[in-house]
Amino acid sequence: MVLKVDEAEQGDWTVLRINGELDLVTSPVVRSSVHGAVAAGRHQVVLDLTEVLFCDSSGVGVLIASRRLMKSCGGRLRLILPARGAEDGSHVNRVLAALGVRRLFEVYPDADAAVDEAALPLPA
């Protein structure tokens, strides 16, 4: 499956909307997008994972690497991982929780909350 990353600015934040499957083949696209934002001087990044239907260990690795990159440059990374009906939340949320790394990320339900300095992240 093809992965698509759309970039938008919301206030001081760069929002990268990711659509598709985040796996070994596609995760370099996300890594490149985050690095591109940092190289352009944008150090507040939101990864909107609403439309990510599958995430493997490579995808988790790129999320952790993105977090590390943002911290190293004094920036911030936030994720959007919305709940999906009666399920335990999005696939990515379940994968991060199962691996014990969900607590590493500030997670919000949507882009408006993610870019709002007064909004609190969702509990881990």
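Higher on the page you've got the structure.
Residues numbered from 1 in each chain as written. Predicted model: local features only at pLDDT ≥ 70, side-chain atom pairs only at ≥ 80, totals over all residues. Heavy atoms only, no water.

Engineer: I tried to follow the overall build of the protein chain on my own but got confused; where do I start?
Structural biologist: Within the protein chain one finds four helices and five strands. Counting from the amino terminus, the protein chain carries its helices and strands in the arrangement β-β-α-β-α-β-α-β-α. A globule of 124 residues ought to have a C-alpha radius of gyration of about 14 Å, and the protein chain, at 13 Å, matches this closely. For the protein chain, the spread of C-alpha atoms along the principal axes amounts to about 35 × 35 × 25 Å. With 124 residues in all, the protein chain has 44% of them scored as buried. Here the protein chain contributes 13 positive and 16 negative side-chain charges, whose respective centroids are spaced 7 Å apart. (Helix = DSSP H or I, 4+ residues; strand = E, 2+ residues; numbered from the N terminus. Rg over C-alpha atoms; globule rule 2.2 N^0.38 Å. Buried < 20%, exposed > 50% of the residue type's maximum accessible area, 1.4 Å probe, protein only. Lys, Arg positive; Asp, Glu negative; His and termini not counted. Charge placed at Lys NZ, Arg CZ, Asp CG, Glu CD.)

Engineer: Please clarify how the nonpolar core should be interpreted in this entry.
Structural biologist: Side chains of a nonpolar character, in soluble globular proteins, are inclined to be buried together. Counting residues in hydrophobic clusters, the biggest one holds 27 residues, and the most contacted among them are Leu47, Leu49, Leu63, Leu79, Val92 and Leu96. Here valine 92 is in contact with Leu49, Val52, Cys55, Leu63 and Leu81, once residues within four sequence places are set aside. By size, the runner-up hydrophobic cluster in this structure holds ten residues, among which are Ala111, Ala114, Val115 and Ala119. (Core = buried A, V, L, I, M, F, W, Y, C linked by side-chain atoms within 4.5 Å. Contact = heavy atoms within 4.5 Å.)

Engineer: What should I look at first to understand the pattern of salt bridges in this one?
Structural biologist: Where charged atoms from two side chains of opposite charge approach closely, those side chains can pair. Under the defined criterion, the tally for this structure stands at seven salt bridges. A salt bridge links arginine 42 to glutamate 7, with the shortest nitrogen-to-oxygen separation between them at 2.5 Å. Of the two residues, arginine 42 sits in the loop between α1 (27–39) and β3 (44–55) while glutamate 7 sits in strand β1 (residues 4–10), which places them 35 residues apart along the sequence. For arginine 42, a relative accessible area of 22% corresponds to the partly exposed category. Glutamate 106 is paired through a salt bridge with arginine 78; the nearest N and O atoms lie 3.2 Å apart. Placement of the pair is glutamate 106 in strand β5 (residues 106–108) and arginine 78 in strand β4 (residues 76–80), with a sequence separation of 28 residues. Overall, glutamate 106 belongs to the partly exposed group, its relative accessible area being 31%. Of the residues examined, arginine 78 reaches a relative accessible area of 4% and is grouped as buried. Put simply, Arg76, Arg78, Glu106 and Glu117 are held in one network by salt bridges that share partners. (Salt bridge = Lys/Arg side-chain N within 4 Å of Asp/Glu carboxyl O.)

Engineer: What am I meant to see in the environment of leucine 47 here?
Structural biologist: Position of leucine 47 among the secondary structure elements: in strand β3. For leucine 47, a relative accessible area of 0% gives the class buried. If near-sequence neighbours (up to four positions away) are discounted, leucine 47 is found in contact with Leu16, Ile18, Val34, Leu63, Leu77, Arg78, Leu79 and Ile80.

Engineer: Hey, could you run me through the packing of α1 against helix α2 (residues 57–72) in this one?
Structural biologist: Relative placement of two packed helices is described by the angle separating their axes and the distance separating the axes. Remark: α1 packs on α2, axes separated minimally by 9 Å, with the N-to-C direction vectors making an angle of 10°. Viewed along their axes, α1 and α2 adopt a mutual orientation that is roughly parallel. Touching Ser27, Val30, Arg31, Val34, His35 and Val38 of α1 are Ser58, Gly59, Val62, Ala65, Ser66, Leu69 and Met70, all from α2. The residue makeup of the contact of α1 with α2, split by class, is seven nonpolar, five polar and one charged. (Axes fitted to C-alpha atoms, helices over the stretch in contact; angles between N-to-C directions. Parallel < 35°, antiparallel > 145°, perpendicular 65-115°, else oblique. Nonpolar A, V, L, I, M, F, W, Y, C, P; charged D, E, K, R; others polar.)

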